[in-house]
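Breakdown of the fold
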Amino acid sequence: MTMTAPAPPSRGQFETRPLLVFWEMTKACALACAHCRACAQREPGPDELTTQEGFALIDELADIGRPRPILILTGGDCLQRADIVEIASYAQRQGVPVAISPSVTPQLTASVLDELRACGVHSASLSLDGSNASTHDTLRGIPGHYEATLEGIKLLKEHGFTTQINTTVMASNLHELADIAVTLHDLDVDVWEVFFLITMGRGTEVLESTALENEDVCNFLVDASRYGFTVRTVEAPFFRRVAAARKQDPQPVDAAIPGPLYHELRDRLFEKLGAPTAPVRAPSAATRDGKGIIFIATNGDIYPSGFMPYRLGNVREEHLIDVYRDNTVLRAIRAATFEEPCGSCEYAQLCGGSRARAYATSGNPLGADPGCLIVATYRHH
């Protein structure tokens, strides 16, 4: 397929403020997921940010002015924090939008959702990593968790939350993605956020997908986004390249790319839901680790993202926004000054590769992303 690259996003986009601020409120979680980024544990750690320190973080985000970043409360399981409603209420008073990313456990109740809705939380995400109990429960480490997750999705919808479902792509569930998409369609979810595995945390023991499989999955996700929910990716910014290509040429015509996995997933989706009729819903905001995204660990350490353990500072000692704006690595990431072939790629600004995967595989946050087919092909030749 031949195409002209779209105009790159402005280099100033996300230069002075992030779009999303992730706060890992606690490592405490009742689950034992095989691919857990956080290496979550049963009990909270002794060095978690306090309620008052959380307020100070919110004050800093409020001081930025509009548009303020979205504060995403995550973990571990953010519902393990007894002060989550207090934190969300304070954010509402300060005009900082909040979303939550809880685990599906007995902590996820109608009453706590009522409280969070009352203090302005409108968006929530849950994780679903398989199309059946066998796959999902094995990854999550809890029998019966698949059915509990489906009930959790329904509970969020009943309480009026914009409901996002997170799915991590890995070798073990690649062939289930079409059936997961069907489940999300049937449950009327709003957003499908598809994570491409980074081998960190417990994920170092999980087999990731190949660059060619990633290309197939990205093409499939363009099709999936035509069934009523928005599709976004995490650690696969090359999805934006694929989506841009498909926008110009909706039907992939290259005999080899996309490959057999794409055709298998697409055909399964069409078989279950019929040919798509809605337009593509794949946003193109050119974020990446450290560009539009910043992450705060339980102890206040600042990272470019939750999947990139490259320490930038600590909110107990420095202002988060100063670190975001001034750190030399983050400035290089936002300027797309990467090693080859990412650095000279025509999609360097639109995509730029997963900085987390580059760091995980080479130790260099500005290295090339081996999960991208362009990089894999470049290295092969």
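Read on for an overview of the structure. (Residues numbered from 1 in each chain as written. Predicted model: local features only at pLDDT ≥ 70, side-chain atom pairs only at ≥ 80, totals over all residues. Heavy atoms only, no water.)

Right, let's talk about the nonpolar core for a bit. Ranked by size, the top nonpolar core spans 99 residues in total, and within it L71, L73, I100, L116, W192 and F220 carry the most contacts. Not counting the four nearest positions on each side in its chain, L116 is found in contact with L79, I84, V85, A88, I100, V121 and F161. (Core = buried A, V, L, I, M, F, W, Y, C linked by side-chain atoms within 4.5 Å. Buried < 20%, exposed > 50% of the residue type's maximum accessible area, 1.4 Å probe, protein only. Contact = heavy atoms within 4.5 Å.)

Mapped onto the secondary structure, V222 falls in helix α7 (residues 211-224). Classification of V222 by relative accessible area gives buried; the value is 4%. Between the C-alpha atoms of V222 and V280, which are 58 residues apart in sequence, the distance is 6.5 Å. (Helix = DSSP H or I, 4+ residues; strand = E, 2+ residues; numbered from the N terminus.)

When we look at a pair of aromatic rings, we describe it by the centre distance and by the angle of the planes. In the structure shown here, the tally under the stated rule is six aromatic pairs. Judged by centre distance (6.1 Å) and plane angle (90°), the ring pair of F196 and F238 falls under edge-to-face. Within this pair, whereas F196 is found in strand β6 (residues 191-196), its partner F238 is found in helix α8 (residues 238-248), the two being separated by 42 residues in sequence. Classification of F196 as buried rests on a relative accessible area of 2%. Between F295 and Y303 the ring centres are 6.5 Å apart and the planes differ by 45°, which places this aromatic pair in the tilted class. Accessibility assignment for this pair places F295 and Y303 in one class, buried. (Phe/Tyr/Trp six-rings, centres within 6.5 Å; stacked < 30°, edge-to-face > 60°.)

This brings us to the pairing of strand β2 (residues 70-74). Of all five residues that make up β2, four are buried, and the element is covered over most of its length. Bridging between strand β1 (residues 20-24) and β2 involves five bridges; their strand directions are parallel. Bridge assignment links L20 to a residue of β2, and that residue is I70. Where β2 lies against strand β3 (residues 98-100), three bridges are found, and the strand directions are parallel. The residue of β3 that forms the bridge with L73 is I100. You can see the chain leave β2, run along helix α2 (residues 84-94) and come back into β3, and the turn it takes is right-handed. (Pairing = 2+ DSSP bridges. Right-handed = clockwise from strand over helix to strand, strands pointing away.)

Packing of helix α4 (residues 133-140) against helix α5 (residues 145-158) leaves a shortest axis separation of 8 Å and a crossing angle of 95°. Classified by the interaxial angle, the pair formed by α4 and α5 is roughly perpendicular. Two secondary-structure elements touch here, α4 through A133, H136, D137 and R140 and α5 through H145, Y146 and T149. The class makeup of the residues in the contact of α4 with α5 is two nonpolar, three polar and two charged. (Axes fitted to C-alpha atoms, helices over the stretch in contact; angles between N-to-C directions. Parallel < 35°, antiparallel > 145°, perpendicular 65-115°, else oblique. Nonpolar A, V, L, I, M, F, W, Y, C, P; charged D, E, K, R; others polar.)

Turning our eyes to something else, we now look at unusual backbone geometry. Residue R66 is joined to P67 through a cis peptide bond whose omega torsion reads -5°. With respect to the secondary-structure elements, P67 resides in the loop between α1 (51-63) and β2. In this structure, P341 follows E340 across a cis peptide bond, with omega equal to 0°. As for its placement among the helices and strands, P341 is situated in the loop between α11 (328-334) and α12 (355-362). A positive phi angle, near 60°, is found at D188, a position not held by glycine.

Here β1 pairs with strand β9 (residues 292-296) via four bridges, running parallel. Note on β9: the bridge partner recorded for V21 is I294.

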